[in-house]
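Structural overview for review
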Amino acid sequence: MVDIAIEKYGAHIRKMWPLAEGFLTVNHGAYGAAPNVVLAEQDRWRRLLEKQPTYFMQRILPDALEQSRRRLAAFVGADDANLVFVDNATTGVNAVLNSLSLQPTDVIATTQYAYGAVRKALDFHASRSGGSFQLIKTPFPLRAGVNLAESIVACLAADTRLLVVDHITSPTALELPIESIVRGCRDRGIPVLVDGAHAPAHIDVDLESLSADWYVGNCHKWLMAPKGSAFLWTHPSKQALTHPTTISHGYREGYLAEFAWTGTRDPTPFLCVPAAIDFHFELGGERLRDRNKALAWEAATLIAEAFDTEVGVDKEHACAMVTVRLPVSPSQITAADLRSGLLDLGTDAPVFQHGEALWLRISSQAYNDRDDYRMLERLIHKALGDAGVRG
Ligand SMILES: Cc1ncc(COP(=O)(O)O)c(C=O)c1O
């Protein structure tokens, strides 16, 4: 049993982030939230860089970046020869798609759970090459007893060039059985790119034992590093064909060198990853992850009970983000209008339409506690009331 109320978390520690006091932050999943200690570290690196840019770029950055990359690799269970920094998950996904040099006969696949921007990238790369893009039907709400891995893998044609599949899905907030999906694809010789945008520091990630073909993960979401820090892990057998979308000085010098420099940029988000990892462990590491998950479940259940609705997931696939069905239909208020109404009232939670229902995603991070979700429930009532909708 995880103790959600321990004094180490929630309002007691909220001052460790520069979060606006009058705003109810229950959407950590969207853009993360960097704590003060990480922002101070970023400021320190930025000042060091601007003191003498050439000296910094040539004498300080290579070693500092290397140390940061190795620390991150250890954190996500990766061999450091396989992991490179990229700006964000979108950049990592596009680098892989670009590297495939798709042909008109190629099929690339993903599921209906895929993040909108990733679907668009797949659509773009398939259309440009004349190939096709397969969207695999997937169930939502997700209830216990469904063999997702088997049903996803069974939908793939034998010559599929790539399956892109989420570790944790975005609007629907489900932890997918990624080990079984990767294993199923490996057995059939189908390459897999795992979109782990939400996974690092949210759930356990062990990249070498997963052994996908590619894996992208964000550090600026649940690890709380500054925006613009993410990674791409590539299986050794795929590294020679994998290039950044922006080709620069490292070209023809190998996978690590190619990704180490993609033009002049602010490298400080990458350099702050060790500080973010330290912070994650100060907050409890695994204990924090368990606590966030337990709080999200409790919060979603509380809201679903209050509205006499349901949560969108069974416990097996739940994580520190959970969806709740709202007591209104899209014909009464659109998802965009309800989200905008919540923003006007000083909170934010993604609202999405699935069939004839509206669903809301909540997130739980260290700075949240039970009171936040009681407040959220009141604000949902108020937003619906202000819009003239009766829930
Ligand atoms: C599943 C998933 N993939 C990819 C992304 C894109 O992340 P980024 O905007 O950091 O590239 C997101 C963003 O929320 C996401 O949820």
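All of the points below concern the structure found in this document. Everything numeric here is computed off the predicted structure, so don't read it as measured data.

A few words on the overall build of the protein. Check the secondary structure of the protein and you find 14 helices and twelve strands. Taking 391 residues into account, the globule formula puts the C-alpha radius of gyration at 21 Å, and the protein, at 21 Å, falls close to it. Oriented by its inertia axes, the alpha-carbon framework of the protein measures out at about 60 × 55 × 40 Å. The buried share of the protein, taken over its 391 residues, is 55%.

One pass over the structure, following the stated rule, counts 20 salt bridges. Put simply, Arg46 and Asp266 hold a salt bridge, and the shortest N to O gap is 2.7 Å. Of this pair, Arg46 sits in helix α2 (residues 36–51) while Asp266 sits in the loop between α9 (255–260) and α10 (268–271), and the two are 220 residues apart along the sequence. Its relative accessible area of 27% is what places Asp266 among the partly exposed residues. Members of the salt-bridge network, linked through shared partners, are Glu66, Arg69, Arg70 and Asp80.

The next point concerns the environment of Tyr251. Looking at where Tyr251 falls in the secondary structure, it is placed in the loop between β8 (230–234) and α9. A relative accessible area of 39% means that Tyr251 is categorised as partly exposed. Put simply, Tyr251 and Met224 are 27 residues apart on the chain and 31 Å apart in space, counted from C-alpha to C-alpha. The residues touching Tyr251, leaving out its near neighbours within four places in the chain, are His243 and Glu258.

Moving on: the site of the ligand. The environment of the ligand is made up of 13 residues, and the closest members are Thr90, Asp195, His198, His220 and Lys221. Between the ligand and His198, the relevant distance is 2.8 Å, taken from an oxygen atom to a side-chain nitrogen or oxygen of the residue. The side chain of Asn218 places a nitrogen or oxygen atom 3.0 Å from an oxygen atom of the ligand. Coverage of the ligand by the protein amounts to 89% of the 390 Å² it exposes when considered alone. The site holding the ligand turns out to be the largest pocket.

The next subject is unusual backbone geometry. Of all residues except glycine, most have a negative phi; of all peptide bonds, most are trans. Each neighbour pair has its own omega, and for Phe140 with Pro141 the value is -5°, a cis peptide bond. For Pro141, the location among the structural elements is in the loop between β4 (132–136) and α6 (148–154). Of note, the phi angle at Arg252 is positive, near 70°, even though the residue is not glycine. Of the residues examined, Arg252 reaches a relative accessible area of 70% and is grouped as exposed. A positive phi angle, near 55°, is found at Asp308, a position not held by glycine.

To continue, consider the layout of surface pockets. Picture a little ball the size of a water molecule; that probe, rolled over the atoms, points out where space is still empty. What the largest pocket holds in volume is close to 740 Å³. As for the largest pocket, its lining consists of 34 residues, and the residues nearest its centre are Tyr115, Gly116, Ser170, Pro171 and Arg361. Secondary structure elements with two or more residues in the lining of the largest pocket: α1 (28–31), α4 (89–99), α5 (116–129) and β11 (351–354). In the lining of the largest pocket, the residues fall into 13 nonpolar, 14 polar and seven charged. Inspection of the lining of the largest pocket shows a minimum of three residues originating in each of domain 1 (10–31 + 284–386) and domain 2 (39–279). Its volume calculated, the second largest pocket comes out at about 580 Å³.

Quick look at the packing of helix α13 (residues 335–344) against helix α14 (residues 370–386) now. Two numbers describe how α13 lies on α14: the axes approach to 9 Å, and their chain directions differ by 115°. In terms of crossing hand, the pair formed by α13 and α14 is right-handed. Together, Leu338, Gly341 and Leu342 of α13 and Leu379, Ile380, Ala383 and Leu384 of α14 make up the contact between the two elements. Here the residues of the contact of α13 with α14 sort into six nonpolar, one polar and no charged.

Procedures and definitions
Every chain begins its residue count from 1, and numbering advances along the sequence as written. In keeping with the predicted nature of the model, local features appear solely for residues at pLDDT of at least 70, side-chain atom pairs appear and are counted solely at 80 or more, and the whole-chain, interface and lining totals rest on all residues. With hydrogens and water stripped out, all remaining heavy atoms of the structure feed into the side-chain values. Counting from the N terminus, the helices are DSSP H or I runs at least four residues long and the strands are E runs at least two residues long. Between the two quantities, the radius of gyration covers C-alpha atoms and the globule rule is 2.2 Å times the number of residues to the power 0.38. Think of it in three bands: residues with accessible area under 20% of the maximum for their type are buried, residues over 50% are exposed, and the middle band is partly exposed, with areas taken using a 1.4 Å probe on protein chains only. The rule for a salt bridge is simple: a side-chain nitrogen of Lys or Arg has to be within 4 Å of a carboxyl oxygen of Asp or Glu. Whether two residues touch is decided by their heavy atoms; if any such pair falls within 4.5 Å, the residues are in contact. Proximity is defined per residue: any heavy atom of the residue falling within 4 Å of a molecule or strand makes that residue near it. A 3.5 Å cut-off defines polar contacts: any pair of N or O atoms within that distance qualifies, except that in protein one atom must be a possible hydrogen donor and the other a possible acceptor, and neighbouring residues in sequence count only when both atoms are side-chain atoms. Surface accessibility follows the Shrake-Rupley procedure with a 1.4 Å probe radius. Residue values consider only the protein chains on display as shielding. Every definition here rests on a 1 Å grid over the protein atoms only: cavities are sets of points where a 1.4 Å probe fits but cannot get out, pockets are open sets enclosed by protein on both sides within 12 Å along at least five of seven lines, and lining residues have some atom within 4 Å of a point. For a molecule to be placed in a cavity or pocket, more than half of its atoms must lie within 2 Å of the grid points of that cavity or pocket. Grid points are joined across faces, edges and corners, and a volume is the space filled by probe spheres set on the points. Polar here means any residue outside two lists: the nonpolar Ala, Val, Leu, Ile, Met, Phe, Trp, Tyr, Cys and Pro, and the charged Asp, Glu, Lys and Arg; Gly therefore counts as polar. Segment limits for the domains were obtained from an automatic or database-derived domain assignment. Geometry is summarised by axes, namely lines fitted to C-alpha atoms with helices restricted to the contacting stretch, and by angles between N-to-C directions that run from 0 to 180 degrees. Should the near helix be turned counterclockwise from the far one by less than a right angle, the crossing is left-handed, whereas a clockwise turn marks it as right-handed.

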